[in-house]
Amino acid sequence: MPDGHAAQRAWRPRTLILLVSAWLALAGNLPLWRTIWPLPELAGWRGTVFAAGMAVWIAAALTMLLSLLAWKGILKPVVALLLVTAAASSYFMLQYGVVIDATMMANVANTDVREARDLLSWPLLLNIVFIALLPGWWLLRRPLAMRRFGPQAVRNLVGAALALLVLLGVTLLAFQDLASLMRNHKQVRYLVNPLNTVYASGKLAFDHGSKASRPLEAIGLDARLGPTHAPGQRAPLVVLVVGETARAANFSLGGYARKTNPELEAIAAQGPALAYYSAVRSCGTNTQASLPCMFSHLGKEAFESTRQPYENLLDVLQRAGLAVVWIDNQSGCKGLCDRVGKVDTFGLKTPGLCTEGECFDEILLAGLDARIAALDPARRARGVVLVLHQMGSHGPAYYKRVPPAFKTFMPECASNVLQECPRTDVVNAYDNTLVYTDHVLAGLARWLQGQATQGGRDTAMVYVSDHGESLGENNLYLHGLPYALAPDTQTHVPMLSWVSEPMARRLGLRRECLRENAAAPLSHDNLFHAMLGLLDVQTALYRRELDWFAPCR
Ligand SMILES: [Zn+2]
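Residues numbered from 1 in each chain as written. Predicted model: local features only at pLDDT ≥ 70, side-chain atom pairs only at ≥ 80, totals over all residues.

A. Structural detail: the overall build of the protein. For the protein, the helix and strand inventory stands at 22 helices and 14 strands. The C-alpha radius of gyration computed for the protein amounts to 27 Å, which stays within 12% of the reference 24 Å derived for 553 residues, consistent with globular compactness. Expressed as lengths along the three principal axes of its C-alpha atoms, the size of the protein is roughly 95 × 50 × 50 Å. Put simply, the protein has 553 residues, and 45% of those count as buried. Of all intrachain contacts in the protein linking residues separated by at least 6 positions in sequence, the fraction that spans at least 24 positions is 76%. (Helix = DSSP H or I, 4+ residues; strand = E, 2+ residues; numbered from the N terminus. Rg over C-alpha atoms; globule rule 2.2 N^0.38 Å. Buried ≥ 20, exposed ≤ 12 C-beta atoms within 10 Å, placed from the backbone. Contact = placed C-beta atoms within 7 Å.)

See below:
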C-alpha cells in the first residue's frame, strides 16, 4: 500500500453508516424511549425485547437510507444534516411535547428570523453539541475509502438490501406488538427520529410540488354586491382580526376566572354590539395549517383533501368591488393576500410600539385613517375590508408581546425556555398577552364606533384566533400537535363579533339574537360564509347555513 497510515485510518462507508445509525437510534431518540418506556404494554422482559427490536428497526431503516446515499461528497453532508436535525427535533419534542409531522415541517420551513430567535436557547445549543456536534466531529473527520462507481454502487445496493431484510425481519417478529402500540399511542410514529423529519419533509415537498404544479383556480367569478349596497347608501367598513395562539380556555369573556378581557367585557356590558362565540373550533393547530383553511370556501375536510389550489375569501371580496387590505404584524399572510393590498409592519420603528424590528399589536391600529384614505377611491366608496394579522400570544416568548402597562399578572415567565419557569409564571405571561389583545380589540371597537358615528360608515369587526396553545398541561407546551392528537386547548379558539348600530340596521340584524345563539358550535369553516353575509357579497359559493349572522337577520 502506497500510504499505509492513511489507509489504516480511513473507514469504509459502511462503518460510518452503522455507527451513525446506531447513535441516532439510541441517543437521537430519547423522546421516543422516554415516551414508550413507562407504557404498560412494555412492562416485563417481553417489553424490553420489543424496545430493543424497535431500536434495531430504526437503525436498520437509517442504514438502508444512508446506504443508498453512500457517495463521495454526499454521505458526509447527509450524516451531518441528520445529526443536527435529530438533535434539534429531539430537544423540542422533549421540552415542549411537540411531534414532527408534515404541518410541523411546513411551520419550520415558514419560520422567520424573529420566530427562530425566540426559540434559540442554551439548552437547545447544548443538546446540539452533545447529540450532533461532538459525535459528528468524531465520526466525520475520518477519511472515507470510497470505491470506483461500479463497485460502490454494488456495495450500496447490497447494504441497502441487507438493511431492508433486517427491517422486514424485525417487523414480522414484532408485528403484533408494533401494531397495537401504534394503534393505542398514535403519537409514537411522529417521535421516530430523524425518520419523522425525513418522512414529513418528503410528504411536504410532494404535496407542495403537486399543488404548485397546478394553476390557481379562481373562485366566486359571479361575486357582486347585494342590495344593501344601493347608490347613496353608506359604505361598509369591516375589520377581520386574525388572532394568534389565543386559546378560548383563557378568555374571561368565555368564563375564565381571571379578568383577561376587562375592556371588551365593559363594551359588552354597555350594549348589544359585542357577541362572544364560546364553542369555536380551529381548522388546524398551527398558523401554517389554519390560515389558508379558514379563508377557504371549502371548509376543513374538503380543504385538506384537495390538491387543487384555489383563490380565497379576499379574492372574492375584491372581485365584488370592495377595497381589501391585509395589515400584517406577524410572519406574513401565507399567500392569502398575494392579490390584494398588503402592508407589513416588519422593520417599522414607531417609537413606543416597536423595538428590535418587532412591533406590539397596537401598531395595527396606527394610521388606519391614512391607510383607508390611500385606497382606490372607487373601491373605497363601495366598501372597505381590513384584515389585521396579530402577533397576539405567539410563544414561547409571551413576555415579549406585551407592553409593560398591560402586564397585569405577575410574576411572569421572562424566558423562552418555558420549563425553566414555574407553570404559574408561564400562565401569567400568557394571560398578559390576552389582556393586551383585549386592549387592542377594544381600541379597534372604539375606532369603529367613531367611524360609524362621525365617519359615515357602517362598521363591524370579527375576531378569531388561528389555533390555541398548551401551557404545560400533561407536559405539553406550545401548539402544532397533529389534529387528532391535539388537546382541546389547542383547537378551542376564541371568536367574537362587534357590530355597530348602523351596520345592524343596514343588514336588518338583531344583535341580541347573536348573543342568544353564541354558544352554538362553530368553526373556522363558518368564517368564509359569515364574512360574505356581513358584507352582503352575493355568489353561488355562499352557504347560508354556515353564516352565523344569517339566522338573526
Ligand atoms: Zn398561529
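B. Representation of the domain arrangement of the protein in the model. Per the domain assignment, the segments making up the protein are domain 1 (4–211) and domain 2 (238–552). Centre-to-centre, using C-alpha coordinates, domain 1 lies 39 Å away from domain 2. In this assembly, 23 residues from domain 1 lie in contact with 23 residues from domain 2. Of all the secondary-structure elements, those providing two or more residues to the side of domain 1 that touches domain 2 are helix 5 (75–96), helix 6 (102–109), helix 7 (113–119) and helix 11 (195–212). Its residues placed into classes, the side of domain 1 that touches domain 2 shows eight nonpolar, eight polar and seven charged. (Domains from an automatic or database assignment. Nonpolar A, V, L, I, M, F, W, Y, C, P; charged D, E, K, R; others polar.)

C. Highlighting the nonpolar core. Counting 145 residues, the largest nonpolar core has Leu317, Met461 and Met531 as the members making the most contacts within it. With twelve residues, helix 18 (residues 423–453) is the single largest residue contributor to this core. Each of domain 1 (4–211) and domain 2 (238–552) accounts for three or more of the residues forming this core. Contact partners of Met461, with chain neighbours within four places excluded, come to Val239, Val241, Leu444, Ala445, Leu448, Ser497 and Trp498. (Core = buried A, V, L, I, M, F, W, Y, C linked by C-beta atoms within 7 Å.)

D. Looking closely at the sheet that holds strand 3 (residues 274–281). Taking strand neighbours across the sheet as the criterion, the eight strands line up as 5-4-8-2-9-12-3-13 in an open arrangement whose pairing is mixed. Across the chains shown, the open sheet's two edge strands, defined by having one partner strand only, are strand 5 (341–344) and strand 13 (522–523). Strand direction decides the pairing type here: strand 4 (residues 323–328) and strand 5, joined by four bridges, are parallel. In the sheet register, Asp328 faces strand 5, and the bridge partner there is Asp344. Contacts between helix 18 and the sheet are confined to strand 2 (235–243), strand 9 (457–465) and strand 12 (492–499), with strand 9 contributing the most and set at about 165 degrees to the helix. (Pairing = 2+ DSSP bridges. Axes fitted to C-alpha atoms, helices over the stretch in contact; angles between N-to-C directions.)

E. Region of interest: the confidence of the model for the protein. For the protein, mean pLDDT is 93; residues scoring 70 or higher make up 99% of the total. Ignoring residues within four places in sequence, the model shows residues 1–8, a span with pLDDT below 50, making two contacts including any to other chains. (pLDDT = per-residue confidence, 0-100.)

F. Up close: the packing of helix 5 against helix 8 (residues 122–140). Relative orientation of the contacting elements helix 5 and helix 8 amounts to 160 degrees, with a least axis distance of 8 Å. Between helix 5 and helix 8, the interaxial angle falls into the category roughly antiparallel. Regarding helix 5 and helix 8, the two cross each other, and that crossing is right-handed. Contact with helix 5, carried on its side by Lys76, Val79, Ala80, Leu83, Val84, Ala86, Ala87, Ala88, Ser90 and Tyr91, involves Leu124, Asn127, Ile128, Ile131, Ala132, Pro135, Gly136, Leu139 and Leu140 of helix 8 and no other residues of that element. Of the residues contributing to the contact of helix 5 with helix 8, the split by class is 15 nonpolar, three polar and one charged. (Parallel < 35°, antiparallel > 145°, perpendicular 65-115°, else oblique. Left-handed = near helix turned anticlockwise from the far one by under 90°.)

G. Representation of the environment of Met531 within the structure. By secondary structure assignment, the location of Met531 is in helix 22 (residues 527–534). For the pair Met531 and Leu240, spaced 291 residues apart in the sequence, the C-alpha separation amounts to 8.6 Å. When neighbours within four sequence positions are excluded, Met531 is seen to be in contact with Leu240, Leu313 and Val462.

H. Structural view of the packing of helix 12 (residues 262–270) against helix 18. As a packed pair, helix 12 and helix 18 sit with axes 7 Å apart at the nearest point and diverge in direction by 40 degrees. In terms of orientation, helix 12 and helix 18 fall into the oblique class. Taken together, the residues of helix 18 that come into contact with helix 12 (itself represented by Pro262, Glu263, Leu264 and Ile267) are Asp438, His439, Leu441, Ala442 and Ala445. When the residues that make up the contact of helix 12 with helix 18 are grouped by side-chain class, the tally is six nonpolar, one polar and two charged.

I. Representation of the pairing of strand 3 in the model. Counted residue by residue, strand 3 has six buried out of eight residues, so it is predominantly covered. Direction of pairing for strand 3 relative to strand 13: parallel, over a ladder of two bridges. Bridge pairing links Arg281 to Ser523 in strand 13.

J. Focus on unusual backbone geometry. Cis geometry marks the peptide bond from Asn193 to Pro194, where omega comes out at -15 degrees. Residues Gly395 and Pro396 are joined by a peptide bond in cis, for which omega reads 0 degrees. With respect to the helices, strands and loops of the structure, Pro396 is situated in the loop between strand 8 (384–389) and helix 18. A positive phi is found at Thr245, a non-glycine position, where the angle reads about 60 degrees. Considering the arrangement of structural elements, one finds Thr245 in the loop between strand 2 and helix 12. Here the phi dihedral of Asn474 falls at roughly 50 degrees; this positive angle occurs in a residue that is not glycine. Mapped onto the fold, Asn474 is located in the loop between strand 10 (470–471) and strand 11 (477–478). Since 7 C-beta atoms lie within 10 Å of it, Asn474 is described here as exposed.

K. The environment of Thr85, seen in detail. As for its placement among the helices and strands, Thr85 is situated in helix 5. In sequence terms Thr85 and Pro272 are 187 residues apart; their C-alpha atoms lie 52 Å from each other. Once residues lying within four places of it in the same chain are set aside, the contact partners of Thr85 are Pro194 and Thr197.

L. Fine view of the environment of Asp525. When you line up the elements, Asp525 lands in the loop between strand 13 and helix 22. Remark: the alpha-carbon pair of Asp525 and Lys300, spanning 225 residues in sequence, is separated by 6.3 Å. Once residues within four sequence positions are removed from consideration, Asp525 is found in contact with Gly299, Lys300 and Leu546.

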